[in-house]
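Single-letter residue listing:
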Amino acid sequence: MKKLLLVTLVLLLALPFTALAQDQPHAGVEIVTNFMESGTYDIGAEQLEPGFEEMTGIELEIVASPFVVLVQNNITDLSTGTGEFDVISGDFWIGSVWNQMHPLDELMERDMWEPNIIPGLMLPGPSGYFDGKRIGIPYSADAYGLIYRTDIFEEAGISADWETWDEFFVALDALDAHLEGTDISPNVFAFGAYEQTPAIFLGMYDGYLVDSEGNYALDHDKAVAALNQMKSLLDYNPEGATGLSIDEANSVFLTGKAATMICWVSFVRADAQNPDASLVVDNWATAPFPGPGFPFLSAWNMFISGLSENPDAAWEWVKHYINEDEAKRRFVELGVGSPFLSTYEDPELIEQYSHDFPNMVHNLNRAESVPWIFAAFEIFFRHMGEFVIDAVDVETMLANTLADWSELEVPEGLVQSAAAQGQMQEG
Amino acid sequence: MNSPPSTKSKKANSGWHRRHDLPWLVIFVIPAFIIVVAVQFYPLAYSAFLSVQDWVLTESQVPKGFVGLDNFAKELSDHIFWRAVRNSIWITGGALILEMFLGVCLAYLTMGSSWRMRAIRTLLILPMVIAPVAAGTLWRILLNSRAGLVNHVLDMIGIKGPEWLATADGAIVSVIMLDTWQWTPFVLLVVGAAIASIPADLLEVAAIDGASRWKTFLHIELPLLMPLLLLTLVFRMLESLLSLDSIYSLTFGGPGYSTYTLTYYIYTLGLRSFNFGAAAASSWIFMLFASFSIGLVFWFQRKDW
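What counts as what
- Residues numbered from 1 in each chain as written.
- Chains lettered and ligands numbered in written order.
- Predicted model: local features only at pLDDT ≥ 70, side-chain atom pairs only at ≥ 80, totals over all residues.
- Helix = DSSP H or I, 4+ residues; strand = E, 2+ residues; numbered from the N terminus.
- Rg over C-alpha atoms; globule rule 2.2 N^0.38 Å.
- Buried ≥ 20, exposed ≤ 12 C-beta atoms within 10 Å, placed from the backbone.
- Contact = placed C-beta atoms within 7 Å.
- Axes fitted to C-alpha atoms, helices over the stretch in contact; angles between N-to-C directions.
- Parallel < 35°, antiparallel > 145°, perpendicular 65-115°, else oblique.
- Left-handed = near helix turned anticlockwise from the far one by under 90°.
- Nonpolar A, V, L, I, M, F, W, Y, C, P; charged D, E, K, R; others polar.
- Core = buried A, V, L, I, M, F, W, Y, C linked by C-beta atoms within 7 Å.
- Domains from an automatic or database assignment.
- Pairing = 2+ DSSP bridges.
- pLDDT = per-residue confidence, 0-100.

Our focus in this paragraph is the overall build of chain A. Helices and strands together make up the secondary structure of chain A, namely 18 helices and 11 strands. Taking 2.2 N^0.38 as the reference for a compact globule, 427 residues should give roughly 22 Å; the C-alpha atoms of chain A span a radius of gyration of 24 Å, in line with that estimate. Expressed as lengths along the three principal axes of its C-alpha atoms, the size of chain A is roughly 100 × 50 × 30 Å. When the 427 residues of chain A are sorted by exposure, 48% land in the buried category.

Pasting the structure below:
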């Protein structure tokens, strides 16, 4: 009798633990996730880590590295079969290893998990896809944007409703005339941050980026027109614009010395509304990014490594990190662009960001990623840099770019991404 | 009194010692030998192997196969490679000339052991202890054409400062200035120590014989300093050729390819494009180029100054 009582007691005591084990099927599993060391995405992850570990019993290790190191780590980890990371942060930069990622469709269907992400961001390109299967889910979204001084536009009687760069140049001419005799330039862009110049080119260019045979290529005539138009923007920039870094260009706008700025809006949004850092508080707004090209998209995706021994535990972390409330919190507290539609429909935020949200969502919906691997991007922006400083003419720049690109192979995942986004030559 | 050992017994003794010591020598030398081989020769041999392989990590997990000297031929016909060689020669050459000249001048100007001189020498060597990447960032701020201190000072004396980092020539000059600012103190330190070790009586004799200060420097001090100056030149040349972090943070190799050096080129090939075959081939070409330059310096050193 005593024994029976003892066994019953032990079973009763063990019951909660059994239930806990059912709630925590991955308890004790260790997973490694990586992020760019930016003080935003990585901090957001660190803030979630204790709660996630407590809730799931999974031991999470967060590895944060600077951008270039992160890309190097991801590519070498997957190419060499090391498998150090279970959950990987990346986008098209790691397109060469997309074939090594775990498909996510089945996991999403199994858990009936359908995040309310901006529709355009869930398409191939902004989202990682390989062989028609989803492999990545965006957890941030930022599109190249154009911001302008509402007070100056009002004074000059100009409205920021352009759709094309040609129309934007008409506005710049009007600004130029209106601002004559002042030290305010019609536009500012970080031409000295050479790796940023392709963003303007992509906005002005509506040709293909990959030819019909799957090689890096450009439509010659459209590229020449876009490159020349991009360079003509210098006429509206302050003196020395070809030496401006991102911070320096931002500072020109924040100190009220430019009427418009082409930039990553997320880099400047918080400072622009901070009276200690800005002279343009409440006097700026986000404008539509002109076409016929597209706003360059930065949408960090979470991927599960195909080498992960614990893809289910990794999936738990993906779902935990990518959720509406957290995205809103990261937007408000850390300035991370949210991929969730609900963030931009939040009444409180709409009121606070009325100058920013409508066109931001508009730009995000039009934004596209590019099918360039690091080497392709580097070749393009360096030759473009030569063109910007007048070291070569546009024809030489294009010829050199195409010659250097001919040595590269476009990874299959990025060929598919280009095709899905209409960036591939027809025929 | 002991009689000196005969030659025969000396030889026998030495033979015994050799036989007795040999196992110990082997035991102690072999670990060091293995470490040197593993640390130094294995990577060299492996990079030589890679240089004749077709291997881009993003395309294949393993080398695709032997391609002979194709990688070398490709690199040698690549216009960006030659641009990088030209940039390296300009930057290293320009920086070396300035550093050696200024280093020797400063060493003479700061000779002496008074507290003032010691304090000045300490101040002068400060740039050397700054991390190159931080030095690059610092100079990027200083050379900012709109708000940088350099152009501000030039403006104060009525000179319109150039666009340092926005033009090809300006960027090259900026990198040379940074290298000179950071590493002239190294030359100052070495030459300063060498000057202090020149026997005072030599200089006194020259003075008694009526030699001018310039002639004393040219005919006595410079020949004595020359071996050390050449050695310093070799050190600085290698350091400058291998420099990557300061250029990365100052100009990012740009604008365009304006400050793209050989080291930057190899870094990009290997760690951004993951083209290990081409990067290894370029590294070997770089090594031959550096070895030739060093050989040239040592050939000068053999000359009787």
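So, about the overall build of chain B. Scanning chain B from terminus to terminus reveals 12 helices and zero strands. In sequence order, the secondary structure elements of chain B are arranged as α-α-α-α-α-α-α-α-α-α-α-α. Taking 305 residues into account, the globule formula puts the C-alpha radius of gyration at 19 Å, and chain B, at 26 Å, lies well above it. Over its C-alpha atoms, taken along the principal directions, chain B stretches across nearly 90 × 70 × 30 Å. A total of 305 residues make up chain B; the buried ones form 31% of that total.

A few words now on the interface of chain B and chain A. If you look at the interface, chain B gives 22 residues, while chain A gives 26 residues. At three residues, helix α11 (residues 262-272) of chain B tops the list of elements feeding residues into the side of chain B that touches chain A.

Residue and element names in this part refer to chain A. Here helix α7 (residues 197-204) crosses helix α8 (residues 220-232) at 125 degrees, and the two axes come no closer than 9 Å. On the basis of the axis angle, α7 is oblique to α8. The interaxial crossing formed by α7 with α8 has right-handed handedness. Residues I200, F201 and M204 of α7 pack against A226, L227, Q229 and M230 of α8. Here the contact of α7 with α8 is built from residues that sort into six nonpolar, one polar and no charged.

What follows is about the nonpolar core. By size, the foremost hydrophobic cluster in this structure holds 163 residues, and its most contacted members are V87, F189, F201, M261 and V318 of chain A. At nine residues, helix α16 (residues 374-388) of chain A tops the list of elements feeding residues into this core. When residues of this core are assigned to domains, at least three map to each of domain 1 (26-141 + 299-345) and domain 2 (144-296 + 368-420) of chain A. Judged by nonpolar contacts, the second largest core, of nine residues, contains L106, V187, L188 and V191 of chain B.

All names here are of chain A. The buried count for α7 comes to seven of eight residues, which makes it a mostly enclosed element. Every buried residue of α7 is listed here: T197, A199, I200, F201, L202, G203 and M204. The elements touched by buried residues of α7 are β7 (142-149), α6 (165-178), α8, β8 (260-264) and α16.

Before going further, it helps to spend a moment on helix α8 (residues 200-208) of chain B. Judged by how many residues are buried, α8 of chain B sits mostly at the surface: zero of nine residues are covered. Positive backbone phi, approximately 85 degrees, marks G210 of chain B, located one or two places after α8 of chain B.

Our next topic: the pairing of β7 of chain A. Residues and elements named next belong to chain A. Burial analysis of β7 places eight of its eight residues in the buried class, which makes it a mostly covered element. With two bridges joining them, β7 and strand β10 (residues 297-298) adopt antiparallel strand pairing. The residue bridging D142 from the neighbouring strand is S298, located in β10. Looking at chain direction, β7 and β8 are connected through five bridges and run antiparallel. By the bridge assignment, G145 is partnered in β8 with C263. Bridging between β7 and strand β9 (residues 284-287) involves four bridges; their strand directions are antiparallel. Along β9, the bridge assignment pairs Y148 with A285.

On to unusual backbone geometry. Geometrically, the link from G291 of chain A to P292 of chain A is a cis peptide bond, its omega value of 20 degrees lying close to zero. P255 of chain B follows G254 of chain B through a cis peptide bond whose omega is 0 degrees. Secondary-structure assignment places P255 of chain B in the loop between α10 (245-250) and α11. At D390 of chain A, a position not held by glycine, the phi torsion is positive, near 65 degrees. Residue position: D390 of chain A is located in the loop between α16 and α17 (394-405).

Our next topic: the domain arrangement of chain A. Residues and elements named next belong to chain A. Here chain A is partitioned into domain 1 (26-141 + 299-345) and domain 2 (144-296 + 368-420). With centres defined by C-alpha atoms, the gap from domain 1 to domain 2 works out at 29 Å. Contacts between the two partners involve 17 residues from domain 1 and, on the opposite side, 17 residues from domain 2. The residue inventory of the side of domain 1 that touches domain 2, partitioned by class, reads 10 nonpolar, six polar and one charged.

Residues and elements named next belong to chain A. Within the fold, Y321 resides in helix α11 (residues 311-321). The sequence separation of Y321 and A241 amounts to 80 residues, and the corresponding C-alpha distance is 39 Å. Apart from the residues within four sequence positions on either side, Y321 is in contact with A45, L48, Y139, M302 and E326.

Residues and elements named next belong to chain B. Predicted confidence across chain B gives a mean pLDDT of 89, with 95% of residues reaching 70 or more. When pLDDT is averaged over each element of chain B, helix α3 (residues 79-109) comes out on top at 95 and helix α1 (residues 7-51) at the bottom at 82. Across the whole predicted complex the pTM is 0.84, and at the interface the ipTM reaches 0.80.

As a further point, take the environment of L230 of chain B. Residues and elements named next belong to chain B. Here L230 shows up in helix α9 (residues 213-242). What makes L230 partly exposed here is the crowd of 19 C-beta atoms within 10 Å. Sequence separation between L230 and Q301 is 71 residues, and the spatial gap between their C-alpha atoms is 6.6 Å. Not counting the four nearest positions on each side in its chain, L230 is found in contact with V297, F300 and Q301.

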